[in-house]
Amino acid sequence: MVSTPELRDLPRPPTPKRSFDVAIIGAGILGNALAVALAKQGRDVLLLERDLSEPNRIVGELLQPGGVRALHELGLEGCLEGIDAVPCHGYQVRYHDDPVHIPYAPDENGVRPQGRSFHHGRFIQKLRAASKATKGVTMVEATVSKNLVKNSASGHIIGVRCTLKGTKDEICYFAALTVVADGCKSNIRSEFITKQVQVKSNFFGLELIDTKMPLKNHGIVCLSNRAPVLIYQIGTHETRALVDIQGKAPSQADGSLKSYMLGAVLPTLPEDVKPSFKKAVEDSKSIRSMPNSWLPPTMNQTPGVMFLGDSMNMRHPLTGGGMTVAFNDVVLIRDLLKDVEDLEDTDLVLEKLFDFHWKRRNLTSVVNILAQALYALFAANDPNLAVLQKGCFAYFQRGGVCIDHPVGLLSGMLRRPLVLYTHFFLVAFYSIWIMYKTTSPFLWPVCFFRSFAVFYTACVVILPYIWSELQ
Ligand SMILES: Cc1cc2nc3c(=O)[nH]c(=O)nc-3n(C[C@H](O)[C@H](O)[C@H](O)COP(=O)(O)OP(=O)(O)OC[C@H]3O[C@@H](n4cnc5c(N)ncnc54)[C@H](O)[C@@H]3O)c2cc1C
């Protein structure tokens, strides 16, 4: 397989070992979990990471119960220990300071599951330590180049080119299966995935110290006339605040961003949070931000390579679903590849990847569509969306299945797309009813026409996402 003229000229790695069953690009959330899972099947796994030092990012800090459960199934639950992780029992959604409590729904045994929130970097280092300690995983600090190694005759991907940390020379490693798990800014996907990343907004992250939470061990979602603010504890003393900003954000350089945070965002926050939020803004040299992206999933169809994690599929992080999707994808792919003895059998691997694409839907389409639809309602940047936002909040206030089902879907525990569609349209009808209820009967003829616009808006919010998940 490595005898084509192109490959003969390729530079050799310095270690004697250069051929593996699997090469994984990126020792992040997905890469580590997959490395451990496949090595436990007796496979020889190479895990390549450009920077093995502890990451300091504002992403991946709240793991939903469905993600905690998948971590258990992978035998990696110990990675949540010793990092000052905080249990999460659900959410409090605040609509113009009016709160509604949304605890995680009880599971099939009547037990309410828990999520966990933590410092992302500490969790990643625990996952990396687990990879390192697993027999069969070789971890190498190297930056992988955009161009994977291709067999020029068959077009199959047969390995990676990379530059080891501290060197300048490019070397190659070969593998029966290359997994691209290089995250949201993947520079490898453009050659293989034609779908475009759409950036919906940006999250600006602040770390608040010793905040008094309005509801302990819960994520707080603040809704107002502006885009939503998400607040959750990431350690005993530290709390993350993520402020969503749509469109062009105010400038950091001339201080407009700080003024926006203090003048426009601060007044919309719970009283208890205000002092630490104000201090965090005033003390920060630069407020970090991350794009909130949407990338619908793509079926892996190129022999020898598989895209997983954010490199293949992203959703708005408002509902904290990315890691839950990643760990559940690892569980599924592990089970599907279990019976594949030789990963060089690319036809069989592609068959398994076809199954993977459809089987992951029950969870991922729910998490993806819910994240996008809920964000549209919670950001409510037009009057019809504002009607839906108000209706959605009133729907949650009804309690019972009106919160148990939506939070079950969000937490990755309830994996039934039809339940999501049913509740979404119930929210739309309930919103229209609330609109009539809060409008003088003299204006009901106006409401009549408005209700069509609201229903049309609801359809425009959800149907494109449902369609993208069906492909
Ligand atoms: C603002 C924000 C907040 C979020 N909050 C949450 C949350 O609370 N809960 C949740 O579940 N999800 C959250 N997410 C999503 C979550 O962070 C991602 O879904 C998850 O991290 C994806 O894992 P991954 O392994 O695909 O990528 P990553 O975890 O980003 O890992 C990619 C790895 O690849 C490495 N890499 C990249 N390029 C190369 C290269 N060329 N060579 C070698 N290595 C390379 C990187 O250094 C990195 O270690 C959030 C996302 C955003 C944007």
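Residues numbered from 1 in each chain as written. Predicted model: local features only at pLDDT ≥ 70, side-chain atom pairs only at ≥ 80, totals over all residues.

The name an unreviewed UniProt entry assigns to the protein chain is Squalene monooxygenase, from the organism Dactylellina haptotyla. Regarding the protein chain, the relevant UniProt record gives this comment under Sequence similarities (unreviewed entry): "Belongs to the squalene monooxygenase family." (UniProt positions renumbered as here; feature names shortened; annotations may be inferred.)

A. Broad picture of the nonpolar core. Counting residues in hydrophobic clusters, the biggest one holds 137 residues, and the most contacted among them are Ile 24, Ala 33 and Leu 34. Counting residues per element, this core draws most heavily on helix 9 (residues 361-379), at 13 residues. Residues in contact with Ile 24, not counting those within four places in the same chain, are Gly 31, Leu 34, Ala 35, Val 45, Leu 46, Leu 47, Leu 48, Val 179 and Ala 181. (Core = buried A, V, L, I, M, F, W, Y, C linked by C-beta atoms within 7 Å. Buried ≥ 20, exposed ≤ 12 C-beta atoms within 10 Å, placed from the backbone. Helix = DSSP H or I, 4+ residues; strand = E, 2+ residues; numbered from the N terminus. Contact = placed C-beta atoms within 7 Å.)

B. Expanded view of the packing of helix 2 (residues 29-39) against helix 4 (residues 120-133). Where helix 2 contacts helix 4, the axes come no closer than 9 Å and their chain directions differ by 25°. Between helix 2 and helix 4, the interaxial angle falls into the category roughly parallel. When you trace helix 2 past helix 4, the crossing you get is left-handed. Contacts between helix 2 and helix 4 involve Asn 32, Ala 33, Ala 35 and Val 36 on the former and, on the latter, Leu 127, Arg 128, Ala 130 and Ser 131. For the contact of helix 2 with helix 4, the residue count by class is five nonpolar, two polar and one charged. (Axes fitted to C-alpha atoms, helices over the stretch in contact; angles between N-to-C directions. Parallel < 35°, antiparallel > 145°, perpendicular 65-115°, else oblique. Left-handed = near helix turned anticlockwise from the far one by under 90°. Nonpolar A, V, L, I, M, F, W, Y, C, P; charged D, E, K, R; others polar.)

C. Structural view of unusual backbone geometry. Within the chain, Asn 217 stands out as a residue other than glycine whose phi angle is a positive 55°. Here Asn 217 lies in the loop between strand 12 (198-209) and strand 13 (219-223).

D. Inspection of the site of the ligand at higher detail. Taken together, 35 residues surround the ligand, and among them Gly 26, Gly 28, Gly 183, Gly 309 and Gly 322 come closest. Residue assignment for the shell around the ligand shows that the elements contributing at least two residues are helix 2, strand 2 (45-49), strand 3 (62-63), strand 8 (137-144), strand 16 (288-294) and helix 7 (322-337). In terms of residues, the shell around the ligand owes the most to one element, helix 7, which gives four residues. The residue makeup of the shell around the ligand, split by class, is 16 nonpolar, 13 polar and six charged. Taken together, domain 1 (5-78 + 119-194 + 298-362) and domain 2 (198-293) each give at least three residues to the shell around the ligand, which thus spans both. (Near = placed C-beta within 6 Å. Domains from an automatic or database assignment.)

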